[in-house]
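Remarks on the overall topology
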Amino acid sequence: ENYIKGKDFNKPEILEKIYSEKSKVIFDIKPSTISFPSEISGSTEIAKVLSKDFNKRYEKIRTYYLENDSEEIASFSFLKQRWLVVMIERETREVKIGTGFYDWYFEFPQSGNCKIEKHKITIGVMQSLSGENLPVFEDLQNSIPYPWVDRQCLVNTLEKHDILGEVIDYLT
């Protein structure tokens, strides 16, 4: 949850603490409606891009983890952790609703503090809705438990809005 706190609430100091100094974040971005560098290295740069820069571009960000929807492999690696994000682009006032998954790889340095060593962020869908769809945004943020949500509960909430078919299809 520290990742979400650092990213969603513009707290780069949290991200700097949870990523190792040699961490890498790698992106696999399918839609053209959002962009990031292909790779970010080092805890300071990761915190800048994923918190400071992200919060300059977007507001009212809420990222949700889908409960019990990841695969634990080996020791301290979690693959295919699904997520959903709901936010507003500051410049265009468009509502952005996206989904994908995280692959997390952790390390345990001698200090004993678990750190993220590698983080792959896959963005499968990022729908852009005009500002007139603000009621959809508000309903989602008011209806979905934060930050953990059951996938079926999430799909049921999304299905109330026909306009979100692309996101629903990706999640089901």
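Refer to the structure presented above.
A brief structural summary. Quick caveat: nothing in here was measured; it's all calculated off a predicted structure. (Residues numbered from 1 in each chain as written. Predicted model: local features only at pLDDT ≥ 70, side-chain atom pairs only at ≥ 80, totals over all residues. Heavy atoms only, no water.)

Quick notes on unusual backbone geometry
For clarity, the cut-off: Think of it this way: any DSSP run of H or I at least four residues long counts as a helix, any run of E at least two long counts as a strand, and we number them from the N terminus. Burial status follows relative accessibility: with a 1.4 Å probe on protein chains alone, a residue under 20% of its type maximum counts as buried, one over 50% as exposed, and anything between as partly exposed.
The omega angle of the peptide bond from Tyr146 to Pro147 is 0°, so this bond is cis rather than trans. Tracing the chain through its elements places Pro147 in the loop between α4 (134–143) and β8 (148–149). Even without a glycine there, the phi angle at Asn10 is positive, about 55°. Secondary-structure assignment places Asn10 in the loop between α1 (2–8) and α2 (12–18). Residue classification places Asn10 among the partly exposed positions, given a relative accessible area of 37%. Phi angles above zero are rare outside glycine, and Arg93 is one such case at about 65°. Inspection of the secondary structure puts Arg93 in the loop between β5 (77–89) and β6 (95–107).

Considering the packing of aromatic side chains
As a reminder, the rule being used: Note on aromatic contacts: the rings of Phe and Tyr and the six-membered ring of Trp form a pair at centre separations within 6.5 Å, being stacked when their planes are under 30 degrees apart, edge-to-face when over 60 apart, and tilted otherwise.
In the structure shown here, the tally under the stated rule is 12 aromatic pairs. Aromatic pair Phe9 and Tyr146: ring centres 6.2 Å apart, planes at 90°, arrangement edge-to-face. Within this pair, whereas Phe9 is found in the loop between α1 and α2, its partner Tyr146 is found in the loop between α4 and β8, the two being separated by 137 residues in sequence. Phe9 gets classed as partly exposed once you look at its relative accessible area, which sits at 37%. With a relative accessible area of 32%, Tyr146 lands in the partly exposed category. Judged by centre distance (5.5 Å) and plane angle (20°), the rings of Trp83 and Tyr102 are stacked. Here the residue Trp83 occupies a position in strand β5, and Tyr102 occupies one in strand β6, the gap between them amounting to 19 residues.

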